[in-house]
Amino acid sequence: MNLTSRILPQSNIILDLAATSKKRAFEQAGLLFENNHGVARTAVFHSLIARERLGSTALGHDVAIPHGRLKDLREPHAAFIRLSEAVRFDTSDGRTASLLFFLLIPETATQLHLDLLAEIARLMSDPALRLALSQSQDVETVHHLLLTGQIAQAAEHADHSRSDS
């Protein structure tokens, strides 16, 4: 069980969101965190934008890890949003992103913040996993992929879920 498994519920995964810009994606993430965790959407949006001004959170390969610190947050929260079309993420080098892994961290959680970022970056460095995340049509499968990083088991899980219904 990884750190992400504690902070990424299945309800925080959105697939194929139509967003025309990074700003619109951040607004949708704010709405998700507000609806699912009671964190004010404006606080989320401003935190993500403030961090992005320090430097792009795009990693390349259409992946970004937008993250922000919030003063009154008691525990970290994560969300995964796959955009229907990649949006320009870094104006300086033209990088785009469609696989967005959002992190909200309490203002004082320094080591946890670094550990979570490292875990997510390691996970998203796997080309086969990125492909599976960009192609899967099932939220359960995407959730399993993000929590385990195991593609074969995720496909098996999806097949089993379909046969149960």
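Residues numbered from 1 in each chain as written. Predicted model: local features only at pLDDT ≥ 70, side-chain atom pairs only at ≥ 80, totals over all residues. Heavy atoms only, no water.

The next subject is unusual backbone geometry. Working note: non-glycine residues mostly have negative phi, and peptide bonds are mostly trans. The backbone of D16 shows a phi angle near 60 degrees, a positive value even though the residue is not glycine. Within the secondary structure, D16 sits in strand β1 (residues 13-17). Taking the relative accessible area as the measure of exposure, D16 reaches 35% and is therefore partly exposed. (Helix = DSSP H or I, 4+ residues; strand = E, 2+ residues; numbered from the N terminus. Buried < 20%, exposed > 50% of the residue type's maximum accessible area, 1.4 Å probe, protein only.)

To continue, consider the pattern of salt bridges. In total, this model carries 4 salt bridges according to the counting rule given. Between R41 and E34 there is a salt bridge, and its shortest N-O distance comes to 2.7 Å. Residue R41 is classed as partly exposed on the basis of its relative accessible area, which comes to 40%. (Salt bridge = Lys/Arg side-chain N within 4 Å of Asp/Glu carboxyl O.)

This brings us to the pairing of strand β6 (residues 96-106). Of all the 11 residues making up β6, 10 are buried; the element is thus mostly covered by neighbouring parts of the structure. The sheet contact formed by strand β3 (residues 62-64) and β6 spans 3 bridges and is parallel. Bridge pairing links A64 to L100 in β6. Bridging between strand β4 (residues 67-70) and β6 involves 4 bridges; their strand directions are parallel. Residue R69 lies in a different strand from β6, and its bridge partner there is I105. (Pairing = 2+ DSSP bridges.)

The next point concerns the nonpolar core. In terms of nonpolar packing, the biggest core is built from 25 residues, with F33, L83, F89, L100 and F102 touching the most fellow members. Among the secondary structure elements, those contributing two or more residues to this core are α1 (22-37), α2 (41-54), β5 (77-88) and β6. With 5 residues, the top contributor of residues to this core is α1. Apart from the residues lying within four places of it in its own chain, the contact partners of F89 are K22, F26, E52, S56, T57, A58, A64, P66, R95, T96, A97 and L100. Counting 24 residues, the second-largest nonpolar core is a separate cluster that includes V63, L103, V142 and L145. (Core = buried A, V, L, I, M, F, W, Y, C linked by side-chain atoms within 4.5 Å. Contact = heavy atoms within 4.5 Å.)

Next up on the list: the packing of α1 against α2. Across the interface, α1 lies against α2 with an axial gap of 8 Å and an inter-helix angle of 140 degrees. The orientation of α1 with respect to α2, classified from their angle, is oblique. The hand of the α1/α2 crossing is right-handed. Contact residues: α1 offers K22, K23, F26, E27, A29, G30, L31, F33 and E34, while α2 offers R41, V44, F45, L48, I49 and E52. Broken down by class, the residue content of the contact of α1 with α2 amounts to 8 nonpolar, 1 polar and 6 charged. (Axes fitted to C-alpha atoms, helices over the stretch in contact; angles between N-to-C directions. Parallel < 35°, antiparallel > 145°, perpendicular 65-115°, else oblique. Left-handed = near helix turned anticlockwise from the far one by under 90°. Nonpolar A, V, L, I, M, F, W, Y, C, P; charged D, E, K, R; others polar.)

With that settled, the discussion passes to the environment of L99. Positionally, L99 belongs in strand β6. Overall, L99 belongs to the buried group, its relative accessible area being 3%. Remark: the alpha-carbon pair of L99 and R6, spanning 93 residues in sequence, is separated by 20 Å. Once you skip the residues sitting within four places of it in the chain, L99 turns out to touch D62, V63, A64, F80, I81, R82, M124, R130, L133 and S134.

Function-wise, these values are silent; they only describe arrangement.
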